[in-house]
Number of protein chains: 2
Amino acid sequence: MFTKQSFQPDWCEKPPKKKSYRSIFKWGNPNEFKHPNSAWYEMIKEEFGLTDEDFEKPQSEGNEKVEIDQKIKLPKKKINAFIDIVGEKNVSTDDYSRVKYSHGKTVDEAIELRRNLVRNVPDIIVHPRDKKDVLKIVKYCNKQKLPVYIFGGGSSVTFGLNTPKGGVMLAMGTHMNKLLSINEQNQTATMQPGIFGPAYEEALNNPPKRFNVERQYTCGHFPQSFEYSTVGGWVVTLGSGQASTYYGDAYDIVLSQEYVTPAGIIKTHDYPGTATGPKINDIMKGSEGSFGILVELTMKIFRHMPGNRQRFAFMFPSWDAAVEASREILQGEFGKPAVYRIADPEETEVGLKHFGVQGTPIDSLVNLRGFKPMKRCLCLGTVEGEKDFTKHVKDHIAKVCKQYGAMTLTGFATMLWEKTRYKEPYMREDLMDYGVIIDTVESAVTWDNLHRLHQGVRSYIKKRPGTICMTHASHFYPQGTNLYFIFILKMMDLKSYRKFHDGILDAILKHGGSISHHHGIGKLFAPLMTRHLGKEQMAVLRVLKNHFDPNNIMNPGGHLGLD
Amino acid sequence: MFTKQSFQPDWCEKPPKKKSYRSIFKWGNPNEFKHPNSAWYEMIKEEFGLTDEDFEKPQSEGNEKVEIDQKIKLPKKKINAFIDIVGEKNVSTDDYSRVKYSHGKTVDEAIELRRNLVRNVPDIIVHPRDKKDVLKIVKYCNKQKLPVYIFGGGSSVTFGLNTPKGGVMLAMGTHMNKLLSINEQNQTATMQPGIFGPAYEEALNNPPKRFNVERQYTCGHFPQSFEYSTVGGWVVTLGSGQASTYYGDAYDIVLSQEYVTPAGIIKTHDYPGTATGPKINDIMKGSEGSFGILVELTMKIFRHMPGNRQRFAFMFPSWDAAVEASREILQGEFGKPAVYRIADPEETEVGLKHFGVQGTPIDSLVNLRGFKPMKRCLCLGTVEGEKDFTKHVKDHIAKVCKQYGAMTLTGFATMLWEKTRYKEPYMREDLMDYGVIIDTVESAVTWDNLHRLHQGVRSYIKKRPGTICMTHASHFYPQGTNLYFIFILKMMDLKSYRKFHDGILDAILKHGGSISHHHGIGKLFAPLMTRHLGKEQMAVLRVLKNHFDPNNIMNPGGHLGLD
């Protein structure tokens, strides 16, 4: 029908239809797409034993208009109570909103929505205008014992937005998305939680006149979900940005928080350090809406000096060498890189295909110099900060990498990566259109357990025939890092997929990893919490839950494993 | 009787008598002393309107042998239960031990012990040999509802060791003082909590062969109490070391902990970062023995490269200039100093006297160059880490200091300071021997509130005629610092002193400071906790307290304001 050389699938280039299922599960900007290149396409066919014919017609694209038959259980009188608080236009009860505001980007959700399957929806969506609205809503819901769920940017990959108990969903991004102030002396910014990454960063890079700010700042937090996640979401799920090795995780960047809980308002101080007993500010971080609703927060900000950014990329002869060099860099006490990433051999090969390097003269050169496929490992990163500092750190990184046998690839590879850093998830839709899943799990690990965890999880994934498994480490600390496993497989049966995925989590725990480095817990990992943390620690979390939320109205139905 | 020039008080040079009150309240090594120099002596006489005659004879030195009339309320049968657990020689019931192990270095305690006044003592002191002993002790005490107190190094200045409910005191430093392992890959050390600073640092600097360690390490934590405080104490009271600006506070340095609580054992993971809900590791930090007993902990360690240390010292024309330069240094993104300190005008003058600079040609030179007494401010510090890094950071600090009008004093002043860094508290005894109190309070503050807090607290203290008040900042963050107030006054009446001291705390809270940056809360600041944190946050701490310790046996009687 087509010659092998010329055929490329007719990857979807149309924005999803308005009000369709696809418009809910599609990643990111409706008008943006990123397709597998031809090398990737060939790889996928080869790995999964597919032919061009399998890519002639997409399956279950989810283009249908959202229609559900779940009745609104909330009586009119109660709906009116919310209308009284926020106004009629800030209460949504239509089918589309109920599905949209209760789904994130978990693969399971995409699989089901493609088939027009909807399990749980809230009765209504309420769009609070400010923290006073939230206070009234929480008071009312607590009195009426109505479940309250919270929607930030909708990028959860852990069933973080699932509403098993129905009730009320608060959409925090609709109105509560404002930057309130920049304090240039303290280098902090105070905001409402529903502000999205790009709006926040833009306001810091080019501060609006009303803030009377002299310098440019950066938030320092750039998760892959940056464009479609909120600052509040970063904090309550303990996210990490791609430059976390220098700037810290959301956990480190948030200075103070204000929550509305059924037990009252918790507003923490913004002291940079104190010794006044266990810090309530810490207790609230990572609570994922189970204790209360984050309504305001103050984040540390950093001087924005993009002109000083240094980029580097290296090819290591082996994973061992890449890991050891990275440890040396993180423990060397000479300053830390901002972005710092190493890819294992399989990710390196897939990456070279992805960036179109495989088969080019550069590839041959690297090969000739003894950096063999399925041995060699890519490393890339940036240094940020003051000008001499970035040069100093880059030079020392280069020195260490050379000591461990790496060759430099110049900063060009890093610039390529920077261009597509937020775009990778867009490929998910293309692959799923033809029955192929791409998904990720990630785990924190200390250096001394890195290889055991890597091999343990990898060998479980690779035991399944026809499964691509790429691993990288991308958030570094002197004591260890994270391992980020990306796997691609031909499968669209949810039950089988869940079994396979559960096996990965089991392998992580068996091999001493944490069940989440920065994706959070949600309802997906919740069943593993007791196994992971032990019943004594879970008892502490439950005591806190019960204190803040005695009627179990906050994010009920299994979130964090608390109920 | 004596000529003014020649008279110097006969400062005590004798180690305290064995078993005396003085041996309990005297700071540090019994055989070490540090006396006010003649410039200080003159200053004190002048400030307080004293004459040489007032220094002829010391008052209430506390040389008497400890004897108390508090009966042991614990019946023999229960004492035997402890003997069964730890062995006879690890249970003390003598008067001296009961006083020694229930007193720290709070000024109030010294005033009372000098007069042989003892309020609260435990019935017995138990010296657990390991964490199994602690588990048995806590189980037994919980069943019998016996109060349990904990003694680490005994350096508390917050009534942290006071035992209002009697019962059992656990002495953690007697046996549970061992370094258990150094993990060179992870750069961590695991230890029992009762290990003292010098033993810990020595083992990291020169690792014992059995640990199979190649490099030298440092703990990075050097509080003024370093020589007489334990690592466990640093963590449970949220201490800060003099090099915290680079290495972080104890809060940042501790990676994982194991506690024995009445509700069971809490043993946290050592992942360098996770997103698995609110971190129980954080909840335990700063709990000051109110939730349970720290029995093992893993600390981050750092490469020890003393040869790379850079030292600097500057004189600023004003406090404003010193503060602004410091903020620029902390926010400049060029790497941070390790030790970094600035002294306000009064501390600068007193410091110049103290170091014997006042009246020398250096003093004249500084004066001539326009750095006027009671305007000028001293800044000193060090940079640690990799060689080029320390040079780079020092150069940039020098550049910033010059921009703010400072003149360099070379690193010599810093070397002087380093030599006496742990010795300053020894002067307390000399002064108190003649009825003069030297005491400190400290507070965390953001940059934008620094001057208000400084002036507010200072003006309260200086309102009292004849009171020296020196202030420095010594723990820096991009968002702010601490203010450390040292005050000297002629007073030995405890009731008046408590009133004056309470006024300082009131001034701190009124002017927006925290009630503790790194001294902890203990029972001294506990009454202020609700005012400081608010009742909602206190309710959270109480819920945790009640969970871990439902019978209120752990450090009962007002600690942290929890009961």
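Residues numbered from 1 in each chain as written. Chains lettered and ligands numbered in written order. Predicted model: local features only at pLDDT ≥ 70, side-chain atom pairs only at ≥ 80, totals over all residues.

### Some details on the overall build of chain A
- When its secondary structure is counted, chain A shows 21 helices and 18 strands.
- Here chain A has a C-alpha radius of gyration of 24 Å; the compact-globule value for 563 residues is 24 Å, and the two agree.
- If one aligns the C-alpha atoms of chain A with their principal axes, the spans along those axes are about 75 × 60 × 50 Å.
- In chain A, which comprises 563 residues, the proportion classed as buried is 56%.
- In chain A, once contacts between residues fewer than 6 apart in sequence are set aside, the share between residues at least 24 apart is 76%. (Helix = DSSP H or I, 4+ residues; strand = E, 2+ residues; numbered from the N terminus. Rg over C-alpha atoms; globule rule 2.2 N^0.38 Å. Buried ≥ 20, exposed ≤ 12 C-beta atoms within 10 Å, placed from the backbone. Contact = placed C-beta atoms within 7 Å.)

### Some details on the relation of the copies chain B and chain A
- Superposing chain B onto chain A takes a rotation of 180° plus a shift of 0.0 Å along the axis, which leaves an RMSD of 0.0 Å. What we have between these two chains is a two-fold relation. (Least-squares fit on C-alpha atoms with pLDDT ≥ 70 in both.)

### Remarks on the environment of threonine 93 of chain B
Residues and elements named next belong to chain B.
- Counting through the fold element by element, threonine 93 comes out in the loop between β1 (91-92) and α4 (95-100).
- In this structure threonine 93 comes out as partly exposed when scored by C-beta crowding, with 14 C-beta atoms within 10 Å.
- Between the alpha carbons of threonine 93 and isoleucine 72 there is a distance of 8.0 Å; along the sequence they are 21 residues apart.

### Digging into the interface of chain B and chain A
- Facing 73 residues of chain B, the contacting portion of chain A comprises 73 residues.
- Of all the secondary structure elements, the ones that give two or more residues to the side of chain B that touches chain A are β9 (264-267), α11 (280-284), β11 (302-303), α15 (387-403), β16 (436-446), α20 (529-533) and α21 (535-548) of chain B.
- With eight residues, α21 of chain B is the largest single contributor of residues to the side of chain B that touches chain A.
- Taken together, the residues that form the side of chain B that touches chain A break down as 27 nonpolar, 33 polar and 13 charged. (Nonpolar A, V, L, I, M, F, W, Y, C, P; charged D, E, K, R; others polar.)

### Examining the sheet that holds strand β3 (residues 148-151) of chain B
Residue and element names in this part refer to chain B.
- With mixed pairing, four strands are arranged side by side in an open sheet as β1-β2-β4-β3. Every interior strand has two partners, whereas the edge strands, β1 and β3, have only one.
- Where β1 meets strand β2 (residues 124-126), two bridges bridge the pair, whose relative direction is antiparallel. Across the sheet, valine 91 pairs through a bridge with valine 126, a residue of β2. (Pairing = 2+ DSSP bridges.)

### Focus: the sheet that holds strand β15 (residues 407-408) of chain B
All names here are of chain B.
- Spatial strand order, β15-β12-β14-β13-β17-β18-β16: seven strands in an open sheet with antiparallel pairing. Of all strands in the sheet, those bounded by a partner on one side alone are β15 and β16.
- Relative to strand β18 (residues 480-490), strand β17 (residues 467-473) runs antiparallel, the two sharing six bridges. Along β18, the bridge assignment pairs histidine 472 with tyrosine 484.

### Observations concerning the domain arrangement of chain A
All names here are of chain A.
- Split into domains, chain A comes out as domain 1 (76-174), domain 2 (179-303) and domain 3 (306-421).
- Between domain 2 and domain 3, the C-alpha centre-to-centre distance is 30 Å.
- If you look at the interface, domain 2 gives six residues, while domain 3 gives seven residues.
- Within the side of domain 2 that touches domain 3, the residues separate by chemical class into three nonpolar, three polar and no charged. (Domains from an automatic or database assignment.)

### Focus: the packing of helix α12 (residues 319-331) of chain A against helix α15 (residues 387-403) of chain A
All names here are of chain A.
- For the pair α12 and α15, the least separation of the axes is 9 Å and the interaxial angle reads 145°. Between α12 and α15 the crossing geometry is right-handed. Residues Ala325, Glu328 and Ile329 of α12 form the contact with α15, whose own contacting residues are Ile397, Val400 and Cys401.
- In the contact of α12 with α15, the residues fall into five nonpolar, no polar and one charged. (Axes fitted to C-alpha atoms, helices over the stretch in contact; angles between N-to-C directions. Left-handed = near helix turned anticlockwise from the far one by under 90°.)

### Observations concerning the pairing of strand β9 (residues 264-267) of chain A
Residues and elements named next belong to chain A.
- Sheet topology note: the strand β8 (residues 254-261)/β9 ladder contains four bridges and is antiparallel. For glutamate 258, the partnering residue across the bridge sits in β9 and is lysine 267.
- Hairpin remark: β8 followed by β9, antiparallel, with two residues in the connecting loop.

### Focus: helix α13 (residues 345-354) of chain B
All names here are of chain B.
- Among the ten residues of α13, eight are classified as buried, and the element is accordingly described as predominantly covered.
- Taken together, the buried positions of α13 are Pro345, Glu347, Thr348, Glu349, Val350, Leu352, Lys353 and His354.
- Next to the buried residues of α13 lie α2 (38-48), α12 (319-331), β13 (340-343), α14 (361-368), β14 (377-383) and β17.
- Looking at the residues trailing α13, positive phi occurs at glycine 356, about 75°.

### Section: the packing of helix α3 (residues 76-86) of chain B against helix α6 (residues 131-144) of chain B
Residue and element names in this part refer to chain B.
- For the pair α3 and α6, the least separation of the axes is 9 Å and the interaxial angle reads 160°. The angle between α3 and α6 places the two elements in the roughly antiparallel class. Crossing hand, α3 versus α6: right-handed. Taking contact as the criterion, the partners of Lys78, Ala81, Phe82, Ile85 and Val86 in α3 are, on α6, Asp133, Lys136, Ile137, Tyr140 and Gln144.
- Split into classes, the residues belonging to the contact of α3 with α6 amount to six nonpolar, one polar and three charged. (Parallel < 35°, antiparallel > 145°, perpendicular 65-115°, else oblique.)

### Topic: helix α19 (residues 494-510) of chain B
All names here are of chain B.
- Across its 17 residues, α19 extends 24 Å between first and last C-alpha, which sits within 8% of the 24 Å expected from 1.5 Å per residue.
- If you check which residues of α19 are buried, you get Leu505, Ala507 and Ile508. Angularly, the buried residues of α19 cover 155° about the axis, an arc narrow enough to put them on a single face. Residues of α19 that are exposed and point more than 90 degrees away from the buried face comprise Lys495, Ser496 and Lys499.
- In the segment just after α19, glycine 512 is the residue with positive phi, at about 80°. (Expected span 1.5 Å × (residues − 1). Arc of directions from axis to C-beta.)

### Notes on the nonpolar core
- Membership of the largest hydrophobic core comes to 320 residues, with the highest contact counts inside it found for Leu170, Phe316 and Cys379 of chain A together with Leu170, Phe316 and Cys379 of chain B.
- Beyond its immediate chain neighbours, meaning those up to four positions away, phenylalanine 316 of chain A contacts Ala321, Ala322, Ala325, Arg376, Cys377, Cys379, Tyr404, Gly405 and Ala406 of chain A. (Core = buried A, V, L, I, M, F, W, Y, C linked by C-beta atoms within 7 Å.)

### Considering the pairing of strand β6 (residues 188-191) of chain B
Residues and elements named next belong to chain B.
- Pairing of strand β5 (residues 179-183) with β6, which is carried by four bridges, proceeds in the antiparallel orientation. Its bridge partner being in β6, serine 181 is matched across the sheet by threonine 190.
- Once β5 ends, the chain turns through four residues before running back antiparallel as β6, passing glutamine 187 with a positive phi of about 50°.
- One ladder, built from four bridges, connects β6 with strand β10 (residues 293-300); its direction is antiparallel.

### Re unusual backbone geometry
- Even without being glycine, glutamate 333 of chain A reaches a positive phi, approximately 60°.
- Along the chain, glutamate 333 of chain A falls in the loop between α12 and β13 (340-343).

### What to know about the confidence of the model for chain A
- In the predicted model, chain A carries a mean pLDDT of 96, and the fraction of residues at 70 or more is 99%.
- Among the prediction metrics, the complex's ipTM stands at 0.96, with pTM recorded as 0.97. (pLDDT = per-residue confidence, 0-100.)

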